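Remarks on the overall topology
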Amino acid sequence: MLATDFHNEIPKYMALKKLSLLDSGFLLAENRKTPMHVGGVNLFTLPKGVDEQEYLHGIAHVLRSAEEFRPPFGDHLKMGPLGVFGPMSWEPDSTLDIDYHIRHSALPKPGRYRELFALVSRLHATLLDRNRPLWELHLIEGLQDRQCAVYSKFHHAAIDGVRAMHLVQSMYSPSAQQRMQDSPLSRGAGERYRAALKEQHGEPWTDQELRNVGEQLKAYFDSSVQMYSALKRAADAWRGKGGPLMMPWLNVPHSAINTSVDGARRFVAQSWPLERIRAVGKALDGTFNDAVVAMCAGGLRRYLQDCSELPTLSLKAMVPVSLRAAGDADSSNAVGAISADLATNIADPEKRFAAIQASTRAGKSLYQDMTGREANLLLQLIHAPGLLLAPLGLISRFPPYSTVISNVPGPRQPMYWNGARLTGIYPASIVTAGVALNITLVTYDKNVDFGITACRRTMPHVQRLIDYMEESLAELEDVAGLSSTGGKRRAKVKTTAKAKAKPKASAKAKPKASKSSRHKSNRR
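What counts as what
Residues numbered from 1 in each chain as written. Predicted model: local features only at pLDDT ≥ 70, side-chain atom pairs only at ≥ 80, totals over all residues. Heavy atoms only, no water. Helix = DSSP H or I, 4+ residues; strand = E, 2+ residues; numbered from the N terminus. Buried < 20%, exposed > 50% of the residue type's maximum accessible area, 1.4 Å probe, protein only. Areas by Shrake-Rupley, 256 points an atom, 1.4 Å probe, with all protein chains shown as cover. pLDDT = per-residue confidence, 0-100. Contact = heavy atoms within 4.5 Å. Polar contact = N/O pair within 3.5 Å; in protein donor to acceptor, adjacent residues only side chain to side chain. Salt bridge = Lys/Arg side-chain N within 4 Å of Asp/Glu carboxyl O. Axes fitted to C-alpha atoms, helices over the stretch in contact; angles between N-to-C directions. Parallel < 35°, antiparallel > 145°, perpendicular 65-115°, else oblique. Left-handed = near helix turned anticlockwise from the far one by under 90°. Nonpolar A, V, L, I, M, F, W, Y, C, P; charged D, E, K, R; others polar. Pairing = 2+ DSSP bridges. Core = buried A, V, L, I, M, F, W, Y, C linked by side-chain atoms within 4.5 Å. Patch = residues over 30% accessible without salt bridge, like charges linked within 9 Å, V, L, I, M, F, W, Y side chains within 5 Å.

What about the overall build of the protein?
For the protein, the count of helices and strands is 15 helices and 14 strands. Burial status across the protein gives 55% buried among its 524 residues. Of the roughly 23,200 Å² of accessible surface on the protein, a fraction of 55% belongs to carbon and sulfur atoms.

So, the confidence of the model for the protein
Detailed reading of the predicted model is not advised wherever pLDDT is low. In this model, the protein carries a mean pLDDT of 78, and residues with pLDDT of at least 70 account for 70%. The low-confidence segment residues 1–16 (pLDDT under 50) makes 61 contacts with residues lying over four places distant or belonging to another chain.

Comments concerning the environment of Thr34
Mapping Thr34 onto the fold places it in the loop between helix H2 (21–29) and strand E1 (37–45). Placed 229 residues apart in sequence, Thr34 and Gly263 show a C-alpha to C-alpha distance of 6.2 Å. Setting aside anything within four residues of it in sequence, one finds Thr34 in contact with Ala29, Val261, Arg265, Val431, Thr432 and Ala433. Engagement of the side chain of Thr34 in a polar contact is seen with the backbone oxygen of Ala29, the distance being 3.3 Å.

Quick word on the pattern of salt bridges
Considering all chains together, one arrives at 18 salt bridges under this definition. Here Asp99 makes a salt bridge to Arg64, at a shortest N to O gap of 2.9 Å. Of this pair, Asp99 sits in helix H4 (residues 98–101) while Arg64 sits in the loop between helix H3 (52–63) and strand E2 (75–80); the two residues are 35 residues apart in sequence, bridging distant segments of the chain. Classification of Asp99 as partly exposed rests on a relative accessible area of 49%. According to the relative accessible area criterion, Arg64 is partly exposed, its value standing at 31%. We note a salt bridge from Glu275 to Arg278, for which the minimum N-O separation is 2.7 Å. Placement of both Glu275 and Arg278 in helix H9 (residues 274–283) is noted, with a separation of 3 residues, approximately one turn of the helix. Overall, Arg278 belongs to the partly exposed group, its relative accessible area being 34%. Here the salt bridges do not stand alone but share partners, grouping Arg103, Glu136 and Lys153 into one network.

Things to note about the packing of helix H10 (residues 288–306) against helix H14 (residues 464–479)
H14 packs onto H10 with a crossing angle of 125° between their chain directions and a minimal axis gap of 7 Å. It follows that H10 is oblique to H14 by the angle criterion. Of the two possible hands of crossing, H10 and H14 adopt the one that is right-handed. In contact with Ala291, Ala294, Met295, Cys296, Gly298, Gly299, Leu300, Arg302, Tyr303 and Asp306 of H10, H14 contributes Arg464, Leu465, Tyr468, Met469, Glu471, Ser472, Leu473, Glu475 and Leu476. In terms of residue class, the contact of H10 with H14 is built from 11 nonpolar, 3 polar and 5 charged.

What about the sheet that holds strand E11 (residues 416–417)?
In spatial order, the strands read E4-E5-E6-E1-E12-E11; together these 6 strands make up an open sheet with mixed pairing. The strands lining the two open edges of the sheet, one partner per strand, are strand E4 (102–111) and E11. With 2 bridges connecting them, E11 and strand E12 (residues 420–428) associate as antiparallel partners. Paired with Tyr416 across the bridge in E12 is Arg421. Sitting on the sheet, H3 is in contact with E4, strand E5 (135–143), strand E6 (147–155), E11 and E12, with an inclination near 170° to E5.

Topic: the nonpolar core
Among the nonpolar cores identified, the biggest contains 49 residues, and Leu185 and Trp417 are the most heavily contacted of them. With 6 residues, the single largest contributor to this core is H3. In this structure, Leu185 is in contact with Leu63, Phe69, Arg70, Phe73, Ile102, Trp135, Leu137 and Met171, ignoring residues within four places of it in sequence. Ranked by size, the runner-up nonpolar core spans 45 residues in total, among them Val268, Ala294, Val448 and Tyr468.

Describing the side chain of Ser402
Counting through the fold element by element, Ser402 comes out in the loop between helix H13 (385–389) and strand E10 (403–409). Here Ser402 is in contact with Val252, Pro253, Ile257, Asn258, Leu315, Lys316 and Val435, once residues within four sequence places are set aside.

A word on unusual backbone geometry
A cis amide bond, omega 5°, links Pro71 with the succeeding residue Pro72. By the secondary structure assignment, Pro72 is in the loop between H3 and E2. Of note, the bond from Lys109 into Pro110 is cis; its omega dihedral lies within 30 degrees of zero at -10°. Examined against the element boundaries, Pro110 turns out to sit in strand E4. Despite not being glycine, Arg146 shows a phi value in the positive range, around 55°. Here Arg146 shows up in the loop between E5 and E6.

A look at a nonpolar patch on the surface
A cluster of nonpolar side chains, Leu28, Leu82 and Phe85, forms an exposed patch at the surface whose accessible area comes to about 370 Å². Inspection of the secondary structure puts Phe85 in strand E3 (residues 83–92). Phe85 sits in the exposed class, given a relative accessible area of 69%.

Brief notes about the side chain of His101
Within the secondary structure layout, His101 lies in helix H4. Judged by relative accessible area, which is 1%, His101 ranks as buried. In this view, His101 contacts Leu96, Arg132, Pro133, Trp135, Glu136 and Leu137; residues no more than four positions away in its chain are not counted.

Some details on the pairing of strand E7 (residues 265–273)
Burial within E7 is extensive, with 7 of its 9 residues counted as buried. One ladder, built from 9 bridges, connects E7 with strand E14 (residues 447–455); its direction is antiparallel. Counted as the bridge partner of Gln270 is Phe450 from E14.

What follows is the structure, given as structure tokens:
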């Protein structure tokens, strides 16, 4: 899921009718084994004194009350005689059945996270109906501790991660007292959200936006220079002269997570404190993203060691990156996707972090000084081999990377939905042939909410990755000199991991960990 600038994206999103080449690609690539929708689980804590069923029925009633729906809720896919191989567009659906799209589910009380994610795993595995608008919302009751959940899914041709965050911002409120007066899915609600963004970011044609126009004009006259430089660096990497720069398909090892996939999914989720991960990156002279990638890399190394399938070559990850200049919140945001070396063949966590950092820096330098238009074109050129491998069914034999690690920025303050506090945003994403694991995270409030999606046949025990990621983070804290109690915490986690191999007497959800551990309860 590629990040885009909030201010510039909304008008484009609301006005979108014809599908771009990238949007069409998600439809072309979809089949029963590889659904191409994204979504996730939003977890809420109900207000005191509110009846859960009445609350959710009230939410559903307001959601269904719109007379005219905003995109993508009210638009269906229109194809020409050539189907997905020809031009496609979004058009208003005059026969929209809102009861089909907004559904109400209940878990047997008291529902644990285990049951919730089992339900989400099943829902995430089913294809969206292309004869209808390509989205669903599932209101889920029956969770313990006065919690409820909303699972949503949208076709990736209609929405990406940042657009999903726009919907979160527009549907929810930073005030616990605010109540919905009309449906947040309505066109009127969308227009109010656009007006609020316009007020927040100022009127058009500010000095910064004039510079944006200059950037676009520069792109037309200077693209050849930037593209030549980037392609030369990419060609050097293909020839083994790129240093730490990694390219898709280059030295990607065969591993237990790089196989063919079927349509069944496993979904698990977990939260970590934002400052805990950020502190690791800062202490090791890196970034928050470096720390996230290193945490995932260490977890994957442990997971594959546990399966006795750790490859000799290092795993590689596709990591979407923002190319926006530091401190620039308004100008056009160039986006690229790098192939990061996860250094899973390095046992020492500090050396592994340094190798990851060098790889991500080299990947970002590939797009240095490029506009968003140029970065998008380069991204398509780099991934061009997939256009040949996919139709031949060879992607699982020659995967472009081992996994995906994607960071989507979310609201940085607590949000509420008719008084219910949003306690977590856990993204669910796409797995494809050859890439049976996707790790996507959302930074929300003071936490980092991870959603892990995997092929159920390939990774039936993917929930173990959560414990291994905690071990990896604790290990990084130790080498960074941040954890005075790291040894105790690692011992506790290892004991938990060993216990998984034995039959459990019960499957009760774990209570929230103490503040000293700084690790929220496992949600699986």
